[in-house]
Each structure stands twice: as C-alpha cells, then as structure tokens.
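Structural overview for review
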2 protein chains.
Amino acid sequence: MLYSIKQMAQMSGVSTRTLRYYDEIHLLKPTKTNEAGYRFYSTVEVDRLQQILFYRELNFKLSDIQRILSSESQSIQSILHTHYDALVEERNHIDSLIEAVEHTIAYHKGEIEMSNEEKFAAFKKKRIEENENKFGEEIREKYGEEAVEEANQSWMGMSEESYKEMQEIESELIERLKQFNQQKNQQKEDAKQIVMLHKKWLQYTWSTYSSEAHKSLADMYIADERFTQYYDEKAGVGAAQLLRDSILAYA
Amino acid sequence: MLYSIKQMAQMSGVSTRTLRYYDEIHLLKPTKTNEAGYRFYSTVEVDRLQQILFYRELNFKLSDIQRILSSESQSIQSILHTHYDALVEERNHIDSLIEAVEHTIAYHKGEIEMSNEEKFAAFKKKRIEENENKFGEEIREKYGEEAVEEANQSWMGMSEESYKEMQEIESELIERLKQFNQQKNQQKEDAKQIVMLHKKWLQYTWSTYSSEAHKSLADMYIADERFTQYYDEKAGVGAAQLLRDSILAYA
DNA sequence: AATAAAGGTTTACGTTGCGTAAAGGTCAAG
DNA sequence: CTTGACCTTTACGCAACGTAAACCTTTATT
C-alpha cells in the first residue's frame, strides 16, 4: 500500500509542504518516487512520521529528532536529558517573566506607588548596571573581582543623603578643576586640593583606597575617551589631562 | 554629550548590529548623523534604549515594544495583559511538555514496562487518531458527532480478545470476497454471507447499526479511493465494487 | 603629512520550520 | 481532448539579529 503525498498529509495531519520539507532535509524520504517526481510513502514512513511528530510536539528541534531516530538508546538518553533540562530552565525563566510582567502591570495601574527609597534603589541599580557594561571588564581585570563587588555593595548601601554629599563633592571638584584649568600660574596647593576632593569622592564607593590604585585609575582617565570626554566637557578641554597629572603628582 | 554607536553599545550591553537594526526598523533612531553617515546618540536615546531592553527581557516582540513606547497607558495595559496571558499559557504548555519528556525518559530507561494492556490501549488510540485524520471530517458530516464518538468509545473499550475476533472476521470477509471475486457464477448466497460478515465486523465499533447507514457507508467505499485501494489490494481488483454492490443489494 | 589602526557604513546571506504564492508538469475522468 | 485535481520545483517571507565582505572616516602615531 502506497500513499500519495496528500494522503500521507491527511493521515498525519501535517501539510504537504511539511512533507516536502522533511524530504529536503533528509528527515523523512518517500519509499519511492515516480518518473514524474511524485512522492510515494509506505507504512514504514507512516510510522516514522508518527515518531517525528511525537518528538516534535515535545518541542524537539528537527535536527535533534533526526539524531534521535537514527541513534542508539545511549545517545537518545542524553538528548532527552539535555532537552529536559532546557525545558525546566525555560519554565523557570518564564516564571520570572510572569512575575516581572505582573509587577509592570501593577506599576502601570499606579497600584504600586514607588516609595522614594525604592526609586533611589532602582536608580542605583541602574547606575551599577551601566557602569558594569561600560567599564566592568577592564576594571575587574585591573582591580580584581572583590574590589568591584565591594564598590558595588557600598554603592547599593549608600543612603540618599550620602549620595547628595557625593554629588556635591563632585560639583566642587569640577568647579575647582575648571578654575584651575583656566589659571595662568597654577598653584601646587590648588592641585593638591583637587586630588583630595577626588580622593574623597572616590572613597564613597572605594573603601580600600590606596594611592597606587588612585594613580592607576588616573591613567585610565586618559586612556579611556569616555572619561576624558566627561571631564573635558564639564570642566573644559584639558581638564582630564590636568586631573590625571595632579593625581600622579600628589596622590 | 553625544555617544558613538560603539559607546552606546558598550554602555547598554548590546551589539552595534542591534543598534543599526533598531535604527532600520525605526525603533531607535540616533539624534543625529554625521555627513559620513556616522550615528550619534544622546542621553534621550540612552533612556529609550533602557526601556526597550527592559521590555525585551520580558520577551516582548520588538513590534510590541514599538507600540508600547509610543502609546498611551490605555493600550499599554492591554498589550501587557495579552502578553501576560500568553506567558501563562506558555508556561502551562511547557509544564505538560516536561511531564511528557519525563515519561519518555522513563520509558527509554525501561523503567516503565508497558503492560500488554497498555500497549494495546496505545495501539487503539493510535488507530483512532489515524482514522480521525483520514476520515474524521467526512464521517462526522455524514453520521454526526455522536455516532463517531460512540464508535471511538467502543473501540477504546474493546478487549484484546474482541479485537482478535474482529481481525479474524475481517480475514474471513476478505478471503470470501477474494473467492467470490474470482467465481464465474456468483451465488446470491455467497454475497449474502459476505454482507453478513461485514455487518458483524462493523458492529464491533458501530453499536447503532442500521442497514441504511450500512448502504451509505458502501457508497463511501467507492467514492473514497483509500477504501477502494484497501479492498482491491487485499481481495483483488474489483473487490471494493463487489462489496459495495452486495451491501446495496442485501443489507 | 603620510600611514596605520580603530571604528564607521552599507549590503547581504544564514538561522528555524515551514506558509504561501507562482509557474508549470501529470494523471484520472468525462 | 479537455478539465480539474494533484503534483513538481523555485523562491520569497517571517524575527531578531550574527557574521562577513568590501569599502570609507576618523584618530593616533611616526
């Protein structure tokens, strides 16, 4: 008993396109073909197709099904387990997504009035993520995992008040740097002050301060254009260079 | 402060390709472009990108994100809810998949020694599915939902013994049909016997037998090439036609 | 100022599993 | 001999980019 492609499709509930595709990728070949190229399937292929569809419903990729159907139970086992693990992980992922969407919905409803602290915490978290993406890799290489972790921890632990202080210190630092940058006769004392301010600012997140690390950081300021741009824009062109030199001299 | 595409990418942790793609689909355009075509982004785009990534992590499609970011909270609500429902459904689906894969694993381990009855049940289930795909629609139209349901039920309720009897009856039917088909002088009595056997065979699954339905079914035998092929192959060319005529005459 | 290195651009194919035409042969039936 | 019904191959479309090719700009270095 031979089935035409359409009969085969109707019997199994798939499209003829699917059968041609499976032929194309060598997943399921017809027993024979016509002189005209017509495909014909026997009961052997019907059974194989049933198996394919079984695994397909379990979300297996066709390439995996391919391997399953042409391998010993040994590797079938491992494929099944791998797939199982992937499914479990996916479920966990979706679970967390569901939770997150629930929160988002509640937030949009206005049901969750974010408190100031929560907003601040979210803000800090965002900053850390940004910094991680910006410099995380380089900094970890230079100062090690723990230093970075510690810095992030102290960031997250920082109160809104401390943050304001830190901001103010930075403002002063920049103001001084600006003036210093415009001076004709630059005073040693001014440079020292600036370095002090910068140190103070750093220590808000960098509990294990050392002058070595400070100098090393200063080098990065120049090496990385993003630092340079930041200070040059805020305190005038050359400010980053000036800050670096000052740190190297007086840290 | 303007960011180059690479800076933007590093800050947010996406690839430059992604940013170009988002530009291409009008999801995130740079604030300005160079004479040379270089893209530059401002903090506005940084924030928008953050939002995009937020929703992207929740598995939203980019087209949905597009709509979310450019619509009032009214439609945001509905998009969120739709997405939420989809996620829940997906989780349920995955849960069932996990269960199924567990079973499959156990089966492959040989832990589940399928009893004969279970095997038989699985076999019957498979037959029904095949039949549903083959003829389900047509038969439902002709005989109604209940008739089909009932037939399937009696199928599923059938014991292995009954099934063997049924098989034997079919064997005899086919044997008789074959001989009848080869006879020169076909005897009325032989035809009647054949119809009887077919009726008996039918009644294993068709508890509400009527000669009307039997005749109607006979017409289908000829109309559907799959029936025709089946009987012609088993009992010789012309057997299907013969069976039909007999049924019409003596049912 | 010339050159190398780094970064930018567009174009386009590959991925997964088919759906959906388009253009054109083949086969059984009237 | 002509319909239809069914078959074939070819090929674009989808989602969200990864990857590579070929080539132009900007920045850094000599």
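Structure first, text after, so check above.
Since the model is a prediction, treat every value here as computed from it, not as a measurement. Numbering of residues begins from 1 in every chain and follows the order in which that chain's sequence is written. Working convention: letters from A go to chains and numbers from 1 go to ligands, in the order in which they are written. Given that the model is predicted, a residue must reach a pLDDT of at least 70 before its local features are reported, and side-chain atom pairs must reach 80 or more before they are shown or counted; all residues, however, enter totals for whole chains, interfaces and linings. Neither water nor hydrogens contribute to the side-chain values; these are computed over all heavy atoms in the structure.

**Some thoughts on the packing of helix H1 (residues 5-12) of chain B against helix H3 (residues 43-57) of chain B**
Residue and element names in this part refer to chain B. It is the contact of H1 with H3, at a shortest axis distance of 11 Å, that shows an interaxial angle of 45°. Between H1 and H3, the crossing angle belongs to the class labelled oblique. For the pair H1 and H3, the crossing hand works out as right-handed. Every residue of H3 that contacts H1 at Met-8, Met-11 and Ser-12 is listed here: Glu-45, Val-46, Leu-49, Gln-50 and Leu-53. By residue class, the composition of the contact of H1 with H3 is five nonpolar, two polar and one charged. Note on definitions: angles span 0 to 180 degrees between N-to-C directions of axes, and those axes are lines fitted to C-alpha atoms, for helices only across the stretch in contact. Note on conventions: DSSP H or I runs of at least 4 residues are helices, E runs of at least 2 residues are strands, and numbering of each starts at the N terminus. For this classification, under 35 degrees means roughly parallel, over 145 means roughly antiparallel, 65 to 115 means roughly perpendicular, and everything else is oblique. Throughout, a crossing is termed right-handed when the near helix is turned clockwise from the far one, and left-handed when it is turned anticlockwise from it by less than a right angle. We call two residues in contact when some of their heavy atoms are within 4.5 Å. Under this grouping Gly is polar, as are all residues other than the nonpolar Ala, Val, Leu, Ile, Met, Phe, Trp, Tyr, Cys and Pro and the charged Asp, Glu, Lys and Arg.

**So, the pattern of salt bridges**
Residue and element names in this part refer to chain A. The salt bridge criterion pairs a side-chain nitrogen of Lys or Arg with a carboxyl oxygen of Asp or Glu, the two atoms within 4 Å. According to the stated counting rule, one finds twelve salt bridges over all chains in the structure shown. One salt bridge connects Asp-23 with Arg-39, and the closest N-O pair in it is separated by 2.8 Å. Of the two residues, Asp-23 sits in helix H2 (residues 16-24) while Arg-39 sits in strand S3 (residues 39-41), which places them 16 residues apart along the sequence. Via salt bridges that share partners, Asp-23, Lys-29 and Arg-39 belong to a single interconnected network.

**A word on the sheet that holds strand S2 (residues 32-33) of chain A**
Residues and elements named next belong to chain A. Two strands qualify as a pair provided DSSP detects at least 2 bridges between them. Strand order in the open sheet formed by three strands is S1-S3-S2, and the pairing between neighbours is antiparallel. With one partner strand each, in any of the chains shown, strand S1 (3-4) and S2 form the two edges of the open sheet. Where S1 lies against S3, two bridges are found, and the strand directions are antiparallel. Looking at the pairing, Tyr-3 lines up with Tyr-41 of S3.

**Structural notes on the interface of chain A and chain B**
With 45 residues of chain A at the interface, the matching set in chain B holds 44 residues. Taken together, the links from chain A to chain B amount to two salt bridges. Two residues, Arg91(B) and Asp95(A), come together in a salt bridge whose shortest N-O distance is 2.9 Å. Any pair of N or O atoms that falls within 3.5 Å is considered a polar contact. Within protein, one atom must be able to donate a hydrogen and the other to accept it, and sequence-neighbouring residues count only if both atoms are side-chain atoms. Inspection of the chain A/chain B interface yields four residue pairs in polar contact (both at pLDDT 80 or more). Within the residue set of the side of chain A that touches chain B, elements represented by two or more residues are helix H1 (5-12), helix H3 (43-57), helix H5 (73-109), helix H6 (116-157) and helix H10 (225-235) of chain A. The greatest single-element share of the side of chain A that touches chain B, amounting to 22 residues, is contributed by H5(A).

**So, the protein's contact with DNA strand D**
Residue proximity to a molecule or strand is established when one non-hydrogen atom of the residue lies within 4 Å of it. Not every one of the 20 residues close to DNA strand D is listed here, only the nearest: Arg20(A), Arg39(A), Ser15(B), Tyr22(B) and Leu62(B). In DNA strand D, atoms within 4 Å of the protein come 73% from sugar and phosphate. Residue Arg39(A) places a side-chain N or O atom 2.6 Å away from a phosphate oxygen belonging to DNA strand D. A distance of 3.0 Å is found between a phosphate oxygen of DNA strand D and a backbone nitrogen or oxygen belonging to Leu62(B).

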